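Letter by letter, the chains look like this.
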Amino acid sequence: CESAGGDSKQAVPFAAACELMHNWLLVHDDIEDGDEVRRNQPTVWKKYGMPHAINVGDLMSQKVFQIILDSKAAGVDAKTTMQLLDIMAETAVKTAEGQAMDIGMRGREPSEKDYMEMVTGKTAYYFMAPIIGGATIGGAAKKDIERIIDFGKHAGPAFQIADDLLDLTEGKGRGETGRDIKEGKRSIIAIHCLSRCTPGEKRAIIEILNKKPEETTKDDIQFVKAMFERYHSIEYSKKKAEELMEKAERLARNAKSLG
């Protein structure tokens, strides 16, 4: 917002709305994935039950738009407020479409192209939303918004790949490592490995990925991790994330300021 020449105080309501949006999506994501731990704490559905968790997510989803509508108290005019509502609605729709692709990919063999389309929808849009919102409030030109979108379509997927890799090492605050394997997620790591391993290894990996989380053993996870290492799938994914970030950084360097 400041880079576009605006008053950052006017962006505070939209910033709060973005934080609520992210957490609303996480509450529902935990339900969809069956995750019992988030940020090293019990998830909302685990602690309070499924009905409350669904309702909490629904509440936050509507508070997002209520807060944006109240942006006039921070000095945002009606036209800009409508633009912010449109940005947030588009973000929510694209994220839900990406999440549907993610869920639908489990149980089949997607391509890397499928994966990139999925993470662009699931991650890139809500990654871009705060930046686009701030720029819009600051009065950025259409060409600047397009540059931000281009940046986000590289940086968002890079973040998601890094998140996939983190699950195999430190974990993501969900109480364990390899949770994505338990959930049968077709991460870029899994997709790369499945495209290179032997038919017998592929059958074994898919059988593990298709198990219910509670039926997946530590030995299963260790086997899949070993396959990832054997076929350099972790190394490939790291390189892919780095390439995406390099492209994003080039875009950022070429647009040091808006306008």
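Scroll up a little and you will see the structure.
Let us look at the structure shown here. Nothing here was measured: the structure is a model prediction, and the numbers come from that model. (Residues numbered from 1 in each chain as written. Predicted model: local features only at pLDDT ≥ 70, side-chain atom pairs only at ≥ 80, totals over all residues. Heavy atoms only, no water.)

Remarks on the overall build of the protein
We apply this condition: Strands are runs of DSSP state E lasting at least 2 residues, helices are runs of H or I lasting at least 4, and numbering of each runs from the N terminus. Radius of gyration: C-alpha atoms only; globule rule: 2.2 Å multiplied by the number of residues to the exponent 0.38. Whether two residues are in contact is decided by their heavy atoms, any of which lying within 4.5 Å being enough.
Along the protein, the regular secondary structure elements total 11 helices and two strands. Going from N to C terminus, the protein has its helices and strands arranged as α-β-β-α-α-α-α-α-α-α-α-α-α. Relative to the 2.2 N^0.38 estimate, which gives 18 Å for 259 residues, the radius of gyration of the protein is 20 Å and therefore close to what a compact globule would have. Dimensions of the protein, computed from the C-alpha atoms along their principal axes, are close to 60 × 45 × 25 Å. Taking all contacts inside the protein whose residues are at least 6 apart in sequence as the whole, residues at least 24 apart take part in 70%.

Structural notes on the side chain of threonine 43
Heads up, the condition is: Polar contact criterion, stated in full: a pair of N or O atoms within 3.5 Å, where within protein one must be able to donate a hydrogen and the other to accept it, and residues adjacent in sequence count only if both atoms are side-chain atoms.
Within the element layout of this structure, threonine 43 appears in the loop between β2 (41-42) and α2 (44-48). A polar contact is formed between the side chain of threonine 43 and the side chain of tryptophan 45, at a distance of 3.3 Å. Leaving out residues up to four positions away in the same chain, threonine 43 has contacts with Asp30, Asp35, Glu36, Val37 and Arg38.

So, the environment of isoleucine 131
Put simply, the rule reads: Only protein chains enter the accessibility calculation, which uses a 1.4 Å probe; a residue is then buried when its area is under 20% of its type maximum, exposed when over 50%, and partly exposed in between.
Inspection of the secondary structure assignment puts isoleucine 131 in helix α5 (residues 112-137). Taking the relative accessible area as the measure of exposure, isoleucine 131 reaches 35% and is therefore partly exposed. As a C-alpha pair, isoleucine 131 and alanine 15 span 116 residues in sequence and 9.3 Å in three-dimensional space. With near-sequence residues (within four places) excluded, isoleucine 131 lies in contact with Ile148 and Phe151.

Structural notes on the pattern of salt bridges
We apply this condition: Think of a salt bridge as a Lys or Arg side-chain nitrogen and an Asp or Glu carboxyl oxygen that are within 4 Å of each other.
As enumerated under the stated definition, the model contains 18 salt bridges in all. A salt bridge links aspartate 29 to arginine 38; its shortest N-O distance comes to 3.4 Å. Here aspartate 29 falls in the buried class, since its relative accessible area comes to 13%. With a shortest N-O distance of 2.6 Å, glutamate 201 and arginine 230 are connected by a salt bridge. Residue glutamate 201 is located in helix α9 (residues 199-209), and its partner arginine 230 is located in helix α10 (residues 218-230); the two are separated by 29 residues in the primary sequence. Within this structure, Asp33, Asp35, Asp102, Arg106, Lys122, Arg179, Asp180, Glu183 and Lys185 form a network of salt bridges that share partners.

Here we look at the packing of α5 against helix α6 (residues 142-168)
This is how the line gets drawn: For helices, the fitted line uses only the C-alpha atoms of the stretch in contact; every axis is such a line through C-alpha atoms, and the angle between N-to-C directions lies from 0 to 180 degrees. Angle categories are assigned with fixed cut-offs, so that under 35 degrees is roughly parallel, over 145 is roughly antiparallel, 65 to 115 is roughly perpendicular, and the rest are oblique. What makes a crossing left-handed is the near helix being turned counterclockwise from the far one by less than a right angle; a clockwise turn instead makes it right-handed. Ten residues, namely Ala, Val, Leu, Ile, Met, Phe, Trp, Tyr, Cys and Pro, are considered nonpolar, four, namely Asp, Glu, Lys and Arg, are considered charged, and the remaining ones, Gly among them, are considered polar.
The N-to-C vectors of α5 and α6 enclose an angle of 130°; their axes lie 7 Å apart at closest approach. When the interaxial angle is binned, α5 and α6 end up oblique. You can see that α5 and α6 cross each other, and the crossing is right-handed. Here the contact of α5 with α6 is composed, by residue class, of 18 nonpolar, six polar and two charged.

What to know about the packing of aromatic side chains
The description of two aromatic rings rests on the distance between their centres and on the angle between their planes. Counted only if it meets this: When two rings of Phe, Tyr or Trp (its six-membered ring) have centres within 6.5 Å they constitute a pair, described as stacked for plane angles under 30 degrees, edge-to-face for angles over 60, and tilted for the intermediate range.
For the structure shown, the criterion picks out one aromatic pair. Pairing phenylalanine 127 with phenylalanine 151 gives two aromatic rings, centres 6.4 Å apart and planes at 35°, and the pair type is tilted. Here phenylalanine 127 is found in helix α5, whereas its partner phenylalanine 151 is found in helix α6, with 24 residues between them in sequence.

Here we look at helix α11 (residues 233-253)
Rules: The length a helix should cover is 1.5 Å for every residue beyond the first. Within this analysis, the arc is defined by the directions that extend from the helix axis to the C-beta atoms.
Taking 1.5 Å per residue as the helical rise, α11 with its 21 residues ought to reach 30 Å, and the 30 Å between its terminal C-alpha atoms agrees with that figure. What α11 keeps buried is the set Ser233, Ser237, Ala241, Leu244 and Ala248. Take α11 and look down its axis: the buried residues cluster within an arc of 70°, on one side only. Along α11, exposed side chains directed more than 90 degrees from the buried face belong to Glu235, Lys239 and Arg253.

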